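# Summary of structural features
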Amino acid sequence: MKYKILSLLFLFALFSCNNKEEKTAKENKKEVPVKVPIVVEFGFTLNDFEVENDTVKSGDTFGTIMEKHNLGNYQVHEITEKARDSFNFRDIRAGKPYTILKSKTAPNQVQVFIYQKDNIHYNVIDLRDSIVAYKRKKPLTIKTRTIATQIEGSLSETLSKAGVDPSLAQNLADIYAYSVDFFKIQKGDKFAVTFEEKYINDTIYAGVESLQASFFEYKGKKIYAFPFKQDTASSKTNYYDEEGKVLKTMFLKAPLKFGFRISSKFSKSRFHPVQQRFKAHNGTDYAAAHGTPIITTASGVVEKTGYTAGNGNFVKVRHDRTYATQYLHMSKILVRQGQRVSQGDVIGKVGSTGLATGPHVCYRFWKNGVQVDALKQKLPSSIPMDSRYKSRFIAEMTPMKKQLDSIAALKFKN
């Protein structure tokens, strides 16, 4: 009996000690202050405000958004009058995010309105002391990357598979529009490119900033491209190969952007799908979706526009005394006779007017008054680099070319 009483006393003491320890641990835990992280965004410490994030809905205006937050018409009018020089309120678009910062004390008045135009640029209307409106952009970090890869599918698909923003495809297509026929690129064609990418706050990817150097291996030849300003005071940048020869020529390779196919080539005898007989085909057909923009391949003056039973809606552009181009079967003509156009201007839309079985543009190329095969012409170049700038170009180009070649050698093992 004595031993039982002692055992019970021991267990009671142990239980009491544990309770005291747990209570002490809980009390000590309560004494440790919880650190709230400081959040700074758009130039404001968000901890100081009641923060409401939302998205512009269809039909929303600045006025209707502010009405939801208890700002009357008079206040809205005053804000728009004082802020209109810095903020075009008509630019507010559905789907764009905005943030409203309110005071933490009742009645939680609106103090700041922030509208995000895109993932980098934003507008601020600060209502705290007086109405102040301004534009800002998020801090950006620029990182340089070089990749080398082979064509698999379209150019944009290939870039996407290589972990690159497909928008870079348009940059490459514009640069090589004079030297690479993107209708003819094939699986296995190689290219390498050094480019800059934007990151918001050093972590959030924000797209391609610029292209620094590239090569495209086309028909067994590497075509390099390096951006260079001959006159550093000028904003004009041209692209040159490794020898300093300008890539830009008088004519683009095709009247459409990349990604479409050649459905019929220039031929002295081709079976016409509508007329059901063999006859000369004095142009190159580019099949594309109805409404696709058609661009003029060189600068010049619109010599003629019109409609014929065979050509459908067409435009003919005179470039100089030697060259002219013609664009047939348009669904819509967007220029007028006598109008001056620049290389790459949209002059019409793809259609199937005239003798056509489907939507396409028949591109005809005239040299000295005779229609010739555009794909076989040795086209004149633009103005070459001034020799005064050649040494500076070589100095800038050489390390970029070395980087391209070294990455390509690792990738392709050659």
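In case you missed it, the structure is sitting above this.
Residues numbered from 1 in each chain as written. Predicted model: local features only at pLDDT ≥ 70, side-chain atom pairs only at ≥ 80, totals over all residues. Heavy atoms only, no water.

## Re the overall build of the protein
For clarity, the cut-off: Helix and strand assignments come from DSSP, with helices taken as H or I runs of at least 4 residues and strands as E runs of at least 2, each series counted from the N terminus. For the exposure calls, accessible area comes from a 1.4 Å probe over protein chains only, and a residue counts as buried if that area is under 20% of its type's maximum, exposed if over 50%, partly exposed in between. The accessible surface values rely on the Shrake-Rupley method and a 1.4 Å probe; as for residues, cover is taken only from the protein chains in view.
Summing up its helical and strand segments, the protein has six helices and 24 strands in all. The proportion of buried residues among the 414 residues of the protein is 39%. When the accessible surface of the protein is totalled, it reaches about 23900 Å², and 51% of it is carbon and sulfur.

## Looking at the pairing of strand S23 (residues 360–367)
Our working definition: Pairing between strands is defined by DSSP: at least two bridges between them are needed.
Within S23, seven of the eight residues are buried, leaving the element largely enclosed by the surrounding structure. Of the pairings in the sheet, the one linking strand S16 (residues 284–287) to S23 comprises four bridges and is antiparallel in character. What sits directly across from Tyr286, in S23, is Val361. As defined by bridge partners, S23 adjoins strand S24 (residues 370–372) across three bridges and the pair is classed as antiparallel. Residue pairing for S24: Phe365 is matched across the bridge by Val372. Linking S23 back to S24 in an antiparallel pair, the connection comprises two residues, with Asn368 at a positive phi of about 50°.

## Some points on the nonpolar core
Put simply, the rule is: Joining through side-chain atoms within 4.5 Å is the link that ties buried Ala, Val, Leu, Ile, Met, Phe, Trp, Tyr and Cys residues into a set, and such a set is a nonpolar core. Contacts are assigned to residue pairs with any non-hydrogen atoms lying within 4.5 Å of each other.
Of all hydrophobic cores here, the largest spans 25 residues; its most connected members are Leu256, Tyr286, Ile294, Tyr327, Ile347 and Phe365. Looking at this core, the elements with two or more residues in it are strand S19 (312–318), strand S20 (323–333), strand S22 (346–350) and S23. The residues contacting Ile347, other than those within four sequence positions of it, are Ile294, Ile295, Thr296, Val315, Tyr327, Met330, Ile333, Leu334, Val335 and Val341. The next biggest cluster of nonpolar side chains, apart from the first, holds 24 residues, and it includes Leu159, Val193, Phe195 and Leu211.

## Notes on the pairing of S16
In S16, alternate side chains face the same way, and those of Thr284 and Tyr286 on one face and Asp285 and Ala287 on the other are all buried. Here strand S13 (residues 261–264) runs beside S16; their pairing, made up of three bridges, is antiparallel. Across the sheet, the residue bridging to Ile262 is Tyr286, located in S16.

## Some details on the sheet that holds strand S11 (residues 221–228)
Put simply, the test is: Between the N-to-C directions of two axes lies an angle of 0 to 180 degrees, each axis being a line fitted to C-alpha atoms and, for a helix, fitted only over the stretch in contact.
In spatial order, the strands read S8-S9-S10-S11-S12; together these five strands make up an open sheet with antiparallel pairing. Of all the strands in the sheet, the pair left with one neighbour each is strand S8 (140–150) and strand S12 (238–240). Each adjacent strand pair in this sheet contributes to an overall mean axis angle of 30°, direction not counted. As judged from the three bridges shared by S11 and S12, these two strands associate in the antiparallel manner.

## What about the pattern of salt bridges?
This is how the line gets drawn: Each reported salt bridge corresponds to a side-chain nitrogen of Lys or Arg within 4 Å of a carboxyl oxygen of Asp or Glu.
Following the criterion strictly, the structure yields 16 salt bridges and no others. A salt bridge links Lys143 to Asp202, with the nearest nitrogen and oxygen atoms 3.9 Å apart. Of the two residues, Lys143 is situated in strand S8 and Asp202 in the loop between strand S9 (190–200) and strand S10 (204–218); the sequence distance between them amounts to 59 residues. Given the relative accessible area of 39%, Asp202 is considered partly exposed.

## As for a positive patch on the surface
Rules: Only residues whose relative accessible area exceeds 30% and that form no salt bridge enter a patch; like-charged residues are grouped when within 9 Å of one another, and nonpolar side chains (Val, Leu, Ile, Met, Phe, Trp, Tyr) when within 5 Å. Residues counted as positive are Lys and Arg, residues counted as negative are Asp and Glu, and His and the chain ends are not counted. Taken as the charge location is NZ of Lys, CZ of Arg, CG of Asp or CD of Glu.
On the surface, Lys219, Lys265, Lys268 and Lys376 cluster together into a patch of positive charge. When you line up the elements, Lys265 lands in the loop between S13 and strand S14 (267–272).

## A word on the side chain of Lys138
What counts, and what does not: As used in this structure description, the phrase polar contact means that two N or O atoms lie within 3.5 Å; if the pair is within protein, one of them must be able to donate a hydrogen and the other to accept it, and residues adjacent in sequence are counted only when both atoms belong to side chains.
Note that Lys138 resides in the loop between strand S7 (132–137) and S8. Despite being buried, Lys138 has no salt bridge partner; Glu41 is the closest side chain of opposite charge, sitting 4.6 Å away. One polar contact links Lys138 to Gln116, side chain to side chain, over a distance of 3.2 Å. The contacts of Lys138, once residues within four sequence positions are left out, are Phe42, Gln116, Asn119, Ile120, Tyr122 and Ile200.

## Points about the environment of Asp373
You can see Asp373 is positioned in the loop between S24 and helix H6 (390–412). When the C-alpha atoms of Asp373 and Phe266 are compared, they prove to be 5.7 Å apart, with 107 residues separating the residues in sequence. Once residues lying within four places of it in the same chain are set aside, the contact partners of Asp373 are Phe266 and Thr284.

## Remarks on the environment of Val56
Its location among the elements puts Val56 in the loop between strand S3 (50–55) and helix H2 (62–67). Looking at Val56, the relative accessible area reads 3%, which means it is buried. Sequence spacing of Val56 and Gly95 is 39 residues, and the spatial spacing of their C-alpha atoms is 5.3 Å. Here Val56 is in contact with Ile65, Ile92, Arg93, Ala94, Gly95, Lys96, Tyr98 and Tyr115, once residues within four sequence places are set aside.

## Quick notes on the sheet that holds S7
Ordered in space as S3-S4-S5-S6-S7, the five strands form an open sheet in which the pairing is antiparallel. At either margin of the open sheet sits one strand with a lone partner, and together these are S3 and S7. For this sheet, the mean angle separating the axes of adjacent strands, direction not counted, is 20°. In terms of strand pairing, S3 meets strand S4 (residues 97–102) through six bridges, oriented antiparallel. Within S4, the position partnered with Asp54 by the bridge is Tyr98.

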